[in-house]
Amino acid sequence: MKLYNTLTRKKEEFKRISDPVRMYVCGVTTYDEPHLGHALATVIFELLQSYLEYRGINVRRVQNFTDVDDKIIDRAAETGVGWYDLTQEHVGTFLEAMDGLNVRRADVHPRVTEEMEPIIELIGKLVESGAAYEAGGSVYYRVRRDEDYGKLSGRTIDHMDELARLEPDLLKENPEDFALWKAQKPGEPYWDSPWGPGRPGWHIECSAMARRYLGDQVDIHGGGLDLVFPHHENEVAQSESATSVVPFARYWVHNGLLRMAGDEKMSKSLGNVVTVRDALKSYSADAIRLWIFQSHYRSPATYDDENLAAAERAVRRLRQAANVTNVGAGAGDRYDANHVRQRFVEAMDDDLNTPRALAAIFDLTREIFTAQSNGVDIADGQGMLRELTGVLGLTLEEPQLGGDADVAEVEAMLAKRESARQERDFATADEIRDQLISMGIEISDTPQGTTWRRV
Ligand SMILES: [Zn+2]
């Protein structure tokens with residue numbers, strides 16, 4: 001399998017040197033509910049794990065929670081909620097949202113607040129070797145001492161004023177140095193350390209948690225493209241200085257960011273956030289996942305309702321193909337689906353090319369319907385469809401009925417109508433259509449499947 005490695009700036013053959021493969025993914029800062037951008041990053045690295053496992057490669061995935069941070073402290077102060085209550089509440093909303101999207105939990109979800117010992121130990125190592133220094137109860141990393149600083153992001157010393165701007169601080173030896181430990185400010189949460197009370201800087205946390213749960217080196221380090229600089233650059237600097245194991249991460253894999261139609265970033269400050277919870281009120285988990293996979297993971301994905309609605313229709317068609325009655329069961333002619341698996345694997349082996357993998361799956365769907373109407377045995381085709389969509393984490397289950405699920409209800413009725421039609425039970429099919437009309441739903445049958453709208 002080939003993966004694009006941000007460190008070398010090229011697609012490289014993934015060479016396994018450990019079993020299981022050690023994967024670290026930067027997780028969320030828990031001060032609010034997760035939005036679709038968070039879902040995108042999590043689903044993509046879950047897919048990378050699932051696909052490697054499909055190819056017979058074991059993976060251990062660690063994805064952290066940053067549960068103490070400036071944003072959390074600020075939000076807690078604004079809302080009058082205790083910072084710890086706020087942060088643990090949103091560990092909960094994150095896990096719940098990912099469960100709703102059928103994302104498998106990582107093997108470990110470490111929380112910064114529970115990892116102080118390894119974090120302080122790692123900072124201690126850096127201070128001891130002279131890579132870091134204490135000043136005024138804080139600890140800073142000496143960026144200029146690091147000869148290969150900038151190798152991941154391609155930033156040179158000329159860009160260092162950017163770092164300085166990100167972390168202005170008069171105590172630093174040099175403006176580009178960054179904080180490993182922040183001395184406590186009045187009223188802020190703190191932990192005791194050899195440098196006095198305080199809390200860790202963001203970058204050191206990931207270095208420490210990766211080291212604790214995966215060792216001095218990881219095989220795949222994931223995160224959004226917006227984390228390359230300074231977060232991941234600083235992780236590289238700290239980890240490699242502390243352990244002398246180079247490279248800290250063998251493959252750096254970064255996902256493109258979610259954009260809104262009109263090319264805006266989805267962000268809290270722009271006020272255009274769609275939470276996972278809200279998205280799941282209108283669309284099935286399968287549809288949201290399919291929509292994510294319709295863009296290559298390194299390109300920006302674009303959110304708009306039309307894309308999501310189209311994904312919902314596509315999922316319905318996959319579901320119909322998986323469940324259509326195999327009228328040719330046991331017939332002499334058998335549909336052979338192995339060529340589709342080959343196309344799927346070729347696409348996914350090429351840096352997780354999900355749009356091409358989906359094209360193979362949609363061709364399979366078409367072929368299943370054609371073979372079915374010709375009385376050919378489609379058991380293998382349907383098995384293959386379930387196998388390949390399973391790798392993508394699609395359940396192909398009917399959406400569940402629930403309080404918010406009138407969309408799901410319509411989908412379920414359409415699926416029933418479709419199977420009635422496949423069984424040539426037109427009386428039932430017409431009955432369901434009439435029921436839908438009485439609910440204010442107009443349906444039209446097209447060669448691409450049935451579409452519906454409210455009238
Ligand atoms: Zn991180």
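*Asks:* Would you explain the overall build of the protein in this entry?
*Replies:* Looking only at helices and strands, the protein has 15 helices and 15 strands in total. Principal-axis analysis of the C-alpha atoms places the extent of the protein at approximately 80 × 50 × 35 Å. In the protein, which comprises 455 residues, the proportion classed as buried is 56%. Look at the contacts in the protein between residues 6 or more apart in sequence, and 75% of them connect residues 24 or more apart. Surface accessibility of the protein: about 19600 Å² in total, with carbon and sulfur atoms responsible for 47%. Of the charged side chains in the protein, 53 are positive and 76 negative; the average position of the first set lies 3 Å away from that of the second.

*Asks:* Just checking my understanding: could you explain the domain arrangement of the protein for this structure?
*Replies:* Interface extent is often summarised as the accessible area lost during association of the parts. Domain boundaries in the protein define domain 1 (2-260), domain 2 (305-397) and domain 3 (404-455). Look at where the C-alpha atoms of domain 1 and domain 2 centre, and you get two points 38 Å apart. Listed as interface residues are 12 residues of domain 1 and, on the opposing side, 15 residues of domain 2. Taken over both partners, the interface formed by domain 1 and domain 2 buries close to 1200 Å², and the fraction arising from carbon and sulfur atoms is 60%. By the criterion of area lost to domain 2, the three top residues of domain 1 are Leu47, Tyr51 and Tyr54, representing 51% of everything that side buries. Joining domain 1 to domain 2, the criterion identifies 2 salt bridges. For aspartate 350, the salt bridge goes to lysine 11, with nearest N and O atoms at 2.7 Å. Elements that contribute at least two residues to the side of domain 1 that touches domain 2 include exactly β1 (2-5) and α1 (36-54).

*Asks:* Help me out: how do you make sense of the pattern of salt bridges in this one?
*Replies:* Two side chains that carry opposite charge are able to pair once their charged atoms sit near each other. By the definition in use, this model includes 34 salt bridges. The salt bridge involving aspartate 363 is made with arginine 366; its shortest N-O contact spans 2.4 Å. Placement of the pair is aspartate 363 and arginine 366 together in helix α12 (residues 354-373), with a separation of 3 residues, close to one helical turn. A relative accessible area of 22% means that aspartate 363 is categorised as partly exposed.

*Asks:* When you look at the environment of glycine 137 in this model, what are you seeing that I'm missing?
*Replies:* The topology assignment puts glycine 137 in the loop between β5 (132-135) and β6 (138-141). We classify glycine 137 as buried; its relative accessible area is 12%. Each C-alpha atom, one on glycine 137 and one on glutamate 162, is 24 Å from the other, the two residues being 25 residues apart in sequence. Glycine 137 has contacts with Trp181, Ala183 and Trp195, leaving out every residue within four places of it along the chain.

*Asks:* Is there a simple way to explain the packing of helix α4 (residues 116-129) against helix α6 (residues 202-214) in this structure?
*Replies:* Axis angle and axis distance: for two packed helices, these are the angle between their axes and the distance between the axes, and together they describe the pair. Where α4 contacts α6, the two axes come as close as 9 Å, and the packing angle between them is 105 degrees. One element, α4, and the other, α6, form an angle in the roughly perpendicular class. Contact residues: α4 offers Pro118, Ile119, Glu121, Leu122, Ile123, Lys125 and Leu126, while α6 offers Ile204, Glu205, Ser207, Ala208, Arg211 and Arg212. In terms of residue class, the contact of α4 with α6 is built from 7 nonpolar, 1 polar and 5 charged.

*Asks:* What is the right way to read the coordination of the zinc ion from this model?
*Replies:* The textbook angles at a metal center are 109.5 degrees for a tetrahedron of four donors and 90 or 180 degrees for an octahedron of six. Here the zinc ion is held by Cys26 (SG), Cys206 (SG) and His231 (NE2), and the distances to it run 2.1 Å. Note on histidine 231: relative accessible area 1%, which makes it buried.

About the thresholds
Residues numbered from 1 in each chain as written. Predicted model: local features only at pLDDT ≥ 70, side-chain atom pairs only at ≥ 80, totals over all residues. Heavy atoms only, no water. Helix = DSSP H or I, 4+ residues; strand = E, 2+ residues; numbered from the N terminus. Buried < 20%, exposed > 50% of the residue type's maximum accessible area, 1.4 Å probe, protein only. Contact = heavy atoms within 4.5 Å. Areas by Shrake-Rupley, 256 points an atom, 1.4 Å probe, with all protein chains shown as cover. Lys, Arg positive; Asp, Glu negative; His and termini not counted. Charge placed at Lys NZ, Arg CZ, Asp CG, Glu CD. Domains from an automatic or database assignment. Buried area = accessible area lost by both parts, 1.4 Å probe. Salt bridge = Lys/Arg side-chain N within 4 Å of Asp/Glu carboxyl O. Axes fitted to C-alpha atoms, helices over the stretch in contact; angles between N-to-C directions. Parallel < 35°, antiparallel > 145°, perpendicular 65-115°, else oblique. Nonpolar A, V, L, I, M, F, W, Y, C, P; charged D, E, K, R; others polar. Donors = N, O, S within 2.8 Å, 3.2 Å for Na, K, Ca; no water.

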